[in-house]
Amino acid sequence: MAELIKGGGCYKEFCLGDSLASHTSSDTTGSFFLSVSEKAKNRQNHRCEMKGMCLGSPGIQESPREGCCVHCHGLEHLCESPQDSAITRDINRTFPAHDYFKDTGGDGQDSLYKICKAYSVYDEEIGYCQGQSFLAAVLLLHMPEEQAFSVLVKIMFDYGLRELFKQNFEDLHCKFYQLERLMQEYIPDLYNHFLDISLEAHMYASQWFLTLFTAKFPLYMVFHIIDLLLCEGISVIFNVALGLLKTTKDDLLLTDFEGALKFFRVQLPKRYRSEENAKKLMELACNMKISQKKLKKYEKEYHTMREQQAQQEDPIERFERENRRLQEANMRLEQENDDLAHELVTSKIALRKDLDNAEEKADALNKELLMTKQKLIDAEEEKRRLEEESAQLKEMCRRELDKAESEIKKNSSIIGDYKQICSQLSERLEKQQTANKAEIEKIRQKVDDCEHCREFFNKEGRVKVASTAKDGSDEDTDEEKETLKNQLREMELELAQTKLQLVEAECKIQDLEHHLGLALNEVQAAKKTWFNRTISSIKTVTGVQGKETC
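Residues numbered from 1 in each chain as written. Predicted model: local features only at pLDDT ≥ 70, side-chain atom pairs only at ≥ 80, totals over all residues. Heavy atoms only, no water.

Next up on the list: the overall build of the protein chain. Along the protein chain, the regular secondary structure elements total 19 helices and 2 strands. Classification of the 550 residues of the protein chain by burial places 38% in the buried group. Considering only residue pairs separated by 6 or more positions, the protein chain has 77% of its internal contacts joining residues 24 or more positions apart. In the structure as shown, the protein chain presents an accessible area of about 33,300 Å², 52% of it carried by carbon and sulfur atoms. (Helix = DSSP H or I, 4+ residues; strand = E, 2+ residues; numbered from the N terminus. Buried < 20%, exposed > 50% of the residue type's maximum accessible area, 1.4 Å probe, protein only. Contact = heavy atoms within 4.5 Å. Areas by Shrake-Rupley, 256 points an atom, 1.4 Å probe, with all protein chains shown as cover.)

Put into structure tokens, the structure is as follows:
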């Protein structure tokens, strides 16, 4: 039982036993045909054959009705069914939001139609009943259509689901009575509340029994229930039903008649969209002990009550009551039919909207993709152009740098020569000045040593003005004066020449400094020109990219 809580959906092993599990998929390649229409006297034998039909040995069982056989590979060659229109109508309402069944004329709907039609032909007494398509669809989600058909027949006949549809649903009403008696025992407060609001079991539980919870509840919960059903039998429906009523008791006790019906129809299935809630419900259902002895007792009570009612009731009143019941059932079925139709229309509208949104999104993405591709092409072109410009700039920079380096070397050579000339001139000037100073000092020493010269020169070397003329040796003095004057004149001339050389040297220095300034200016201008060109090129490229981006 613990394995079944997981909802593995291993229907083949539970339903067909060793006869199905022992065969391999390669056995299905044979052209095996199966009869789908036997007379009532041969029904039991044919049901035994159905246990191994899905992967059985090749062969054909002909039915008394000619041409009424089903090919195992697609349920083909079916004869006409009187309920074909009802089947076609219900197929479009079966899981309309599921990917496998949502497409009209798709593989899912086609297989589902074949199974429902095959069963309506196979079981002439019951035929197709509303809700069977949901059970068949659940089986189709786990196995091929021929296996699903075999399992459906197994559930209908051997698990007793077929009995619920017979004799004006008499066995179904017995199940309702058993459920109400179990409610009276397990959840008496909810049972009394339902009595107070006149809510009977057939008003909310008919789909639970007829479709095995497949019509309204989420699929992962349905898979759990089908697993339990195949393992434990149809009595599992009582466990699940009581589990549902127990878990929702607090909410149901607050409702009135209309509110309770709406709760069962809308809110209850939504609650179990959570897998955790579904798992808790299955655990509660598995832990709930309902003995077959107790169910047999309630079944006996129901039949006894029905016999007493039949004996006491006037036939007209019985027929009127039955008529009212059928009218109520018809109204309920019409309401359910309207709900299913509304769900179908809503689902189709939602799917259409989703499809339109998806198409719009796809168009937008395609446009965005094209724009992105174009931008990529433009970016690659821009990248190529920038690489070319970069190569040109690098080449231009290399040439400018080579030119600047050659100019710098040339200017450095000029500056070196200028410095060397200045150094030589400075040395010559210093030597000349030193020589002049020594010569002046020598002359001054001679003047100081000479008594006659001292009379004409002061200590600073300047000529003194004679105040009085001496009487003696005038001629010698004049001659000596003349000599000294000549010497002084020569010295002054030499000094003037030295000063002139000094001025010329200073002029040359100024010329060299001027040339040096011009050379430096040229170097700086060359650097600025190259730098400005580079900056201008970069600004131009950046400006073009900015405009293209805008």
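In this model, helix 8 (residues 170-186) (17 residues) spans 24 Å end to end at C-alpha, consistent with the 24 Å of a helix rising 1.5 Å per residue. Residues Asp171, Leu172, His173, Cys174, Lys175, Phe176, Tyr177, Gln178, Leu179, Leu182 and Met183 constitute the buried set of helix 8. Turning to helix 8, the residues buried within the fold contact helix 9 (188-196), helix 10 (206-210), helix 12 (236-247), helix 16 (292-312) and helix 17 (315-449). (Expected span 1.5 Å × (residues − 1).)

This part covers helix 7 (residues 145-158). Between its first and last C-alpha atoms helix 7 spans 19 Å; for 14 residues at 1.5 Å apiece the expected length is 20 Å, and the two agree. Burial analysis of helix 7 places 13 of its 14 residues in the buried class, which makes it a mostly covered element. Positive backbone phi, at 80°, marks Gly160, one or two positions downstream of helix 7.

With that out of the way, let us pick up the state of the cysteines. The final tally for this structure, using the stated rule, is 0 disulfides. Here Cys286 is not disulfide-linked; the sulfur of Cys231 is the nearest cysteine sulfur, at 9.1 Å. Note on Cys286: relative accessible area 12%, which makes it buried. (Disulfide = S-S within 2.5 Å.)

Here the focus is the environment of Thr88. Residue position: Thr88 is located in helix 4 (residues 84-91). Exposure remark for Thr88: the relative accessible area of 37% places this residue in the partly exposed category. Expressed as a C-alpha distance, the spacing of Thr88 and Leu112, which sit 24 residues apart in the sequence, is 9.7 Å. A polar contact of 2.8 Å, which involves the side chain of Thr88, links it to the backbone oxygen of Asp84. (Polar contact = N/O pair within 3.5 Å; in protein donor to acceptor, adjacent residues only side chain to side chain.)

Another aspect to go through is the pattern of salt bridges. Per the stated rule, a full pass over the model turns up 23 salt bridges. The shortest N-O distance in the salt bridge between Glu170 and Arg306 comes to 3.3 Å. Residue Glu170 is located in helix 8, and its partner Arg306 is located in helix 16; the two are separated by 136 residues in the primary sequence. Residue class for Arg306 comes out partly exposed when judged on its relative accessible area of 24%. Across the salt bridge formed by Glu185 and Lys294, the nearest N and O atoms sit 2.7 Å from each other. (Salt bridge = Lys/Arg side-chain N within 4 Å of Asp/Glu carboxyl O.)

Secondary-structure assignment places Arg162 in the loop between helix 7 and helix 8. Relative accessible area serves as the criterion here: at 8%, Arg162 is assigned to the buried category. Separated by 2.7 Å, the side chains of Arg162 and Glu125 make a polar contact.

Time to look at the packing of aromatic side chains. Taken as a whole, this structure holds 19 aromatic pairs when the rule is applied. With a centroid separation of 4.9 Å and an interplanar angle of 70°, the aromatic rings of Tyr100 and Phe101 are classed as edge-to-face. Both rings, one in Tyr204 and one in Phe264, keep their centres 4.5 Å apart while their planes meet at 10°; by these two values the pair is stacked. Highlighted residues: Tyr204 in the loop between helix 9 and helix 10 and Phe264 in helix 14 (residues 257-271), separated in sequence by 60 residues. Taken together, the aromatic side chains of Phe194, Tyr204, Trp208, Phe213, Phe217, Phe263, Phe264 and Tyr272 make up a single cluster linked through ring pairs. (Phe/Tyr/Trp six-rings, centres within 6.5 Å; stacked < 30°, edge-to-face > 60°.)

In this section: the packing of helix 4 against helix 5 (residues 107-122). Viewed as axis vectors pointing N to C, helix 4 and helix 5 meet at an angle of 145°, and their least axial separation amounts to 10 Å. For the crossing formed where helix 4 meets helix 5, the hand is right-handed. Residue-level contacts link Asp84, Ile87, Thr88 and Ile91 of helix 4 to Gln109, Leu112, Tyr113, Cys116, Lys117 and Ser120 of helix 5. Residue classes in the contact of helix 4 with helix 5 are distributed as 5 nonpolar, 3 polar and 2 charged. (Axes fitted to C-alpha atoms, helices over the stretch in contact; angles between N-to-C directions. Left-handed = near helix turned anticlockwise from the far one by under 90°. Nonpolar A, V, L, I, M, F, W, Y, C, P; charged D, E, K, R; others polar.)

With that settled, consider unusual backbone geometry. Across residues other than glycine, the phi torsion is negative in most instances, and most of the peptide bonds are trans. Of note in this structure, Ser198 is not a glycine but carries a positive phi near 60°. Residue position: Ser198 is located in the loop between helix 9 and helix 10. Non-glycine residue Leu212 carries a positive phi angle of around 55°. Positionally, Leu212 belongs in the loop between helix 10 and helix 11 (219-232). For Leu212, a relative accessible area of 2% corresponds to the buried category.

With 89 residues, the main nonpolar core has Phe194, Tyr204, Trp208, Phe209, Leu244 and Leu245 as its most contacted residues. Sort the elements by how many residues they give to this core and helix 11 lands first, with 9 residues. In this view, Phe194 contacts Met183, Leu199, Tyr204, Leu245, Leu252 and Phe264; residues no more than four positions away in its chain are not counted. (Core = buried A, V, L, I, M, F, W, Y, C linked by side-chain atoms within 4.5 Å.)

Here we come to the environment of Arg325. Of note, Arg325 is situated in helix 17. Ignoring any residue separated from it by four or fewer positions in sequence, one finds Arg325 in contact with Asn168 and His173.

At a minimum axis distance of 11 Å, the contact between helix 8 and helix 12 shows a crossing angle of 50°. With respect to helix 12, the element helix 8 is oriented oblique. Regarding helix 8 and helix 12, the two cross each other, and that crossing is right-handed. Contact residues: Lys175, Gln178, Leu179, Leu182, Met183 and Tyr186 in helix 8; Phe238, Ala241, Leu242, Leu245 and Lys246 in helix 12. A breakdown of the residues in the contact of helix 8 with helix 12 according to their chemical character gives 8 nonpolar, 1 polar and 2 charged. (Parallel < 35°, antiparallel > 145°, perpendicular 65-115°, else oblique.)

Attention now goes to the confidence of the model for the protein chain. The pLDDT averaged across the protein chain works out to 77; a share of 77% of its residues lies at or above 70. A low-confidence stretch, residues 1-74 (pLDDT under 50), is modelled with 153 contacts involving residues beyond four sequence positions or located in other chains. Low pLDDT (under 50) marks residues 466-471, which in the prediction has 1 contact with non-local residues, meaning those over four places away or in another chain. (pLDDT = per-residue confidence, 0-100.)

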